[in-house]
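Structure assessment
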Amino acid sequence: MSKEIKTIAVLTSGGDAPGMNAAIRAVVRKAIKNGVSVKGIKRGYAGLLNEEFIDMGPSSVSDIIQRGGTILGTARCLEFKQPEVQKEGADICRKHGIDGIVVIGGDGSYRGAQALSRNGINTVGLPGTIDLDIACTDYTIGFDTAINTAMDAIDKIRDTSTSHERCSIVEVMGRNAGYIALWCGIANGAEDILLPENYDYDEQRIINNIIAGRKRGKQHHLIINAEGIGHSTSMAKRIEAATGIETRATILGYMQRGGSPTCKDRVYASIMGAKAADILCEGKTNRIVAYRNGQFVDYDIEEALSMQKDLDPYTVEVSNII
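Figured I'd write up the structure that's included with this text. Here the structure is a predicted model, which is why all the values come from computation and not from measurement.

What to know about the environment of Gly105
Looking at the element boundaries, Gly105 is found in strand β4 (residues 100-105). A relative accessible area of 0% means that Gly105 is categorised as buried. A C-alpha to C-alpha distance of 21 Å links Gly105 and Glu88, two positions 17 residues apart in sequence. Here Gly105 is in contact with Ser13, Tyr110, Leu126, Pro127, Gly128 and Ile134, once residues within four sequence places are set aside.

Considerations on the sheet that holds strand β9 (residues 247-251)
The four strands lie next to each other as β7-β8-β6-β9, forming an open sheet whose pairing is parallel. Edge positions in the sheet fall to β7 (192-194) and β9, since each has one partner strand and no second. Sheet twist, expressed as the average angle between the axes of neighbouring strands with direction ignored, equals 15°. Sheet topology note: the strand β6 (residues 167-172)/β9 ladder contains five bridges and is parallel. Residue Val170 lies in a different strand from β9, and its bridge partner there is Thr250. Sheet strands in contact with helix α6 (residues 179-187) are β6, β7 and β8 (221-226), and its direction is about 175° off that of β7.

Regarding the pattern of salt bridges
What the rule picks out here adds up to 19 salt bridges. In this structure, Lys156 engages Asp152 in a salt bridge whose closest nitrogen and oxygen atoms are separated by 2.8 Å. One end of the pair is Lys156 and the other is Asp152, both in helix α5 (residues 143-163) and four residues apart, which spans about a single turn. In the salt-bridge network here, residues are joined through shared partners; they are Arg166, Glu240, Glu246 and Arg248.

So, how was this worked out
Residues numbered from 1 in each chain as written. Predicted model: local features only at pLDDT ≥ 70, side-chain atom pairs only at ≥ 80, totals over all residues. Heavy atoms only, no water. Helix = DSSP H or I, 4+ residues; strand = E, 2+ residues; numbered from the N terminus. Buried < 20%, exposed > 50% of the residue type's maximum accessible area, 1.4 Å probe, protein only. Contact = heavy atoms within 4.5 Å. Pairing = 2+ DSSP bridges. Axes fitted to C-alpha atoms, helices over the stretch in contact; angles between N-to-C directions. Salt bridge = Lys/Arg side-chain N within 4 Å of Asp/Glu carboxyl O.

Here you go:
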């Protein structure tokens with residue numbers, strides 16, 4: 001028999017992502033609709049350990065769906081990897097009458113949720129990361145906004161790069177995953193896209209491409225470099241020295257995490273948040289909500305964490321051709 005769920009909590013953990021507020025809003029309103037009370041936990045697992053709880057109702061999540069970041073705040077909490085600290089977190093939940101938690105974050109956040117589940121607190125995870133690097137889902141909250149933010153910035157950089165007949169290296173986020181770089185590389189018409197998954201560190205090939213393009217009359221050369229490769233500034237210096245063409249590096253950085261979420265991030269995050277609330281209210285635990293093959297589904301956390309994810313080979317092939 002599933003235990004009766006009377007109160008749930010929601011927290012955001014790890015890096016912030018546009019759309020997290022939409023997910024929080026949906027969790028709160030759907031749970032209350034189901035007759036369940038909701039608490040917010042400030043600053044992720046660190047806030048859980050510090051007992052930073054707030055009561056949440058329908059009005060507490062008004063006027064947040066369009067806001068970037070997370071109203072609950074977020075933090076990284078390395079100590080929550082320790083079994084005794086995880087048990088302490090579960091005990092704190094019971095102390096405050098919390099039967100279940102919705103955790104919005106990435107893989108590391110899911111491991112914390114899994115630990116809480118093992119210690120008797122029902123948990124559901126939502127994929128909140130701009131990196132799109134969670135294997136069980138085709139969509140992660142914040143990715144769509146991040147790539148549109150980066151795309152707009154890269155368009156502007158390309159304008160000035162063309163005016164000065166420069167080579168531009170633009171470094172985008174993504175940790176060790178190349179999804180943002182791949183999507184922006186295609187969307188911005190980059191001449192070279194450097195992806196952690198398959199980069200061979202052959203700078204001479206890039207240099208040859210730049211020289212060949214200049215001979216064809218190209219006024220600029222755009223290179224999208226993934227964060228997992230990095231070193232864009234030193235790369236720019238080497239390319240300029242080898243080609244004689246002015247080369248500049250731009251690291252877009254944390255601007256990609258901010259800003260008002262796109263329609264897709266608002267809608268998908270809302271549906272995922274509502275589904276998470278329903279799963280907890282049904283007494284289920286240790287689940288992750290995902291978007292897979294056009295459907296919103298859920299997986300066991302252990303199963304989800306064991307999955308592998310690679311860049312689509314055909315998409316990579318197309319990026320190299322066009």
